[in-house]
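Chains, contacts and geometry: an overview
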Amino acid sequence: MLSILIVSWNTRDLLRACLTSLQNHLGEVEHEIIVVDCASADESATMVATEFSSVNLIASSENLGFARGNNLAFSHSKGEWVWLLNPDTEIFENAAQTLIAFLEARPRTGGVASALVDARDGHFQRSCRTFPTPAALWCEASGLARFFPRSKRFGFYKMGWFSYCTPRQVEQPMASSFLLRREAINSIGEIFDERFPIYFNDVDLCWRLVENNWQIWYEPSAKVLHWGGASTKQRRAEMIAESHASLEAFYQKWYRGRISPFLYIATIALVRFTGWVRVTRASQKATT
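Okay, so let's go over this structure.

Rules of the game
- Residues numbered from 1 in each chain as written.
- Predicted model: local features only at pLDDT ≥ 70, side-chain atom pairs only at ≥ 80, totals over all residues.
- Heavy atoms only, no water.
- Pairing = 2+ DSSP bridges.
- Helix = DSSP H or I, 4+ residues; strand = E, 2+ residues; numbered from the N terminus.
- Right-handed = clockwise from strand over helix to strand, strands pointing away.
- Contact = heavy atoms within 4.5 Å.
- Phe/Tyr/Trp six-rings, centres within 6.5 Å; stacked < 30°, edge-to-face > 60°.
- Buried < 20%, exposed > 50% of the residue type's maximum accessible area, 1.4 Å probe, protein only.
- Lys NZ or Arg CZ within 6 Å of the ring centre and 35° of its normal.
- Expected span 1.5 Å × (residues − 1).
- Arc of directions from axis to C-beta.
- Core = buried A, V, L, I, M, F, W, Y, C linked by side-chain atoms within 4.5 Å.

**Remarks on the pairing of strand E3 (residues 56-60)**
- Two strands pair when backbone bridges link them, and strand E2 (residues 31-38) and E3 are joined in this way by five bridges, in the parallel orientation. Across the sheet, Cys-38 pairs through a bridge with Ser-60, a residue of E3.
- Chirality of the crossover, the property in question, places the unit of E2, helix H2 (residues 44-51) and E3 among those that are right-handed.

Written out as structure tokens, the structure is:
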């Protein structure tokens, strides 16, 4: 069985389109759809209950965030395959079937991400990155990655050299459309570490899969339409601050004690400074 987990906050119309696409394109795939609504103010939960009666709706009285919401959905799921799907997506025909077949053919693959097709221009979104190593962050902050985006030496974090038309083993794809093997999830304890409520939970998930010898792949023949940022853009400056706080928490969890103290302290200082700059700019923009 395929378990589809969707966590939504104030995305009623996009969520409706997502659920409609699932109805239209899942075909004969045995499945369950679990929607966790995080106290939306736009009647998302009412829409799901009245228009999609077959969906297992969990209407939370509080905004649980992405990590807690998905963990809650997972605790109610039964499928061998677990598809993390954002509410601002719409699946294309055979996307689910293609991802399931991919995992069935590769027993050591713990997760496979679909291609994300930008809903605005129809191009593939650049949805895969390497892990945020100190070298990656310093290349980004210094401008080297911006000046040499296709360089494997300087632009490697955002994989500017990668063609998204080619299947490839990757380190961390976006979890907007990410099919996981339940066996792999069970081997690492849980889907998401709730210390990362919104950001870097997917990076931490992929890190733990790789640490436990699971492969992660990107498969472009499975396509999913994606708007991107439907919930987080509603609180831009706050979400930037949350992103940098989560990156710092990721470093505390995985890099403290693994790299030299000097490099660790310098990289944390970099994360905090760049976060302050971005939050300041976003706040100024919001007031103009």
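**Quick look at the environment of Leu-263**
- Note on placement: Leu-263 falls in helix H10 (residues 261-287).
- C-alpha of Leu-263 to C-alpha of Pro-134: the two residues are 129 residues apart in sequence and 7.8 Å apart in space.
- Beyond its immediate stretch of four places on either side in the chain, Leu-263 contacts Pro-134 and Trp-138.

**Here we look at the packing of aromatic side chains**
- Across all of its chains, the model carries 16 aromatic pairs by this definition.
- Centre to centre, the rings of Trp-207 and Phe-250 are 5.5 Å apart; their planes meet at 85°, and the pair counts as edge-to-face. Here Trp-207, found in helix H8 (residues 201-211), pairs with Phe-250, found in helix H9 (residues 236-254); they are 43 residues apart in sequence, far enough to count as distant.
- Note on Phe-250: relative accessible area 0%, which makes it buried.
- Site record: aromatic cluster; members linked through ring pairs are Phe-131, Phe-196, Phe-200, Trp-207, Phe-250, Tyr-251, Trp-254 and Tyr-255.
- Against the face of Trp-217 rests Arg-106, its NZ or CZ located 5.8 Å from the ring centre.

**What about helix H1 (residues 12-25)?**
- For H1, with 14 residues, the first-to-last C-alpha span of 20 Å sits near the 20 Å given by 1.5 Å per residue.
- All of the buried residues in H1 are Leu-15, Cys-18, Leu-19, Ser-21 and Leu-22. What you see down the axis of H1 is that its buried residues fit within an arc of 155°, all on one side. Residues of H1 that are exposed and point more than 90 degrees away from the buried face comprise Gln-23 and Asn-24.
- Contact partners of the buried residues in H1: strand E1 (2-8), E2, H2, strand E4 (81-85) and strand E5 (89-91).
- Positive phi shows up at Gly-27, right after H1, with a value of about 55°.

**What about the pairing of strand E10 (residues 177-181)?**
- By the criterion of burial, E10 is predominantly enclosed, with five of the five residues buried.
- Note: E4 against E10, five bridges, orientation antiparallel. Paired with Val-82 across the two strands is Leu-180, which belongs to E10.
- Bridge count between strand E6 (residues 109-118) and E10: three bridges; the pairing is antiparallel. Across the sheet, Gly-111 pairs through a bridge with Leu-180, a residue of E10.

**Topic: the nonpolar core**
- Ranked by size, the top nonpolar core spans 50 residues in total, and within it Leu-84, Phe-178, Ile-191 and Leu-205 carry the most contacts.
- If you tally residues by element for this core, the top one is H8, at five residues.
- Setting aside chain neighbours within four positions, we find Phe-178 in contact with Val-82, Trp-83, Leu-84, Gly-111, Val-112, Ala-113, Pro-173, Leu-205, Cys-206 and Ile-216.
- Listed in part, the 31 residues of the second largest apolar core include Leu-26, Val-35, Trp-81 and Leu-99.

**Let's talk about unusual backbone geometry**
- Located in the positive-phi region is Phe-200, a residue other than glycine, with phi close to 65°.
- By relative accessible area, Phe-200 is classed as buried at 11%.
- With a phi close to 70°, Asn-213 is a non-glycine residue in the positive phi region.
- Along the chain, Asn-213 turns up in the loop between H8 and strand E11 (215-226).

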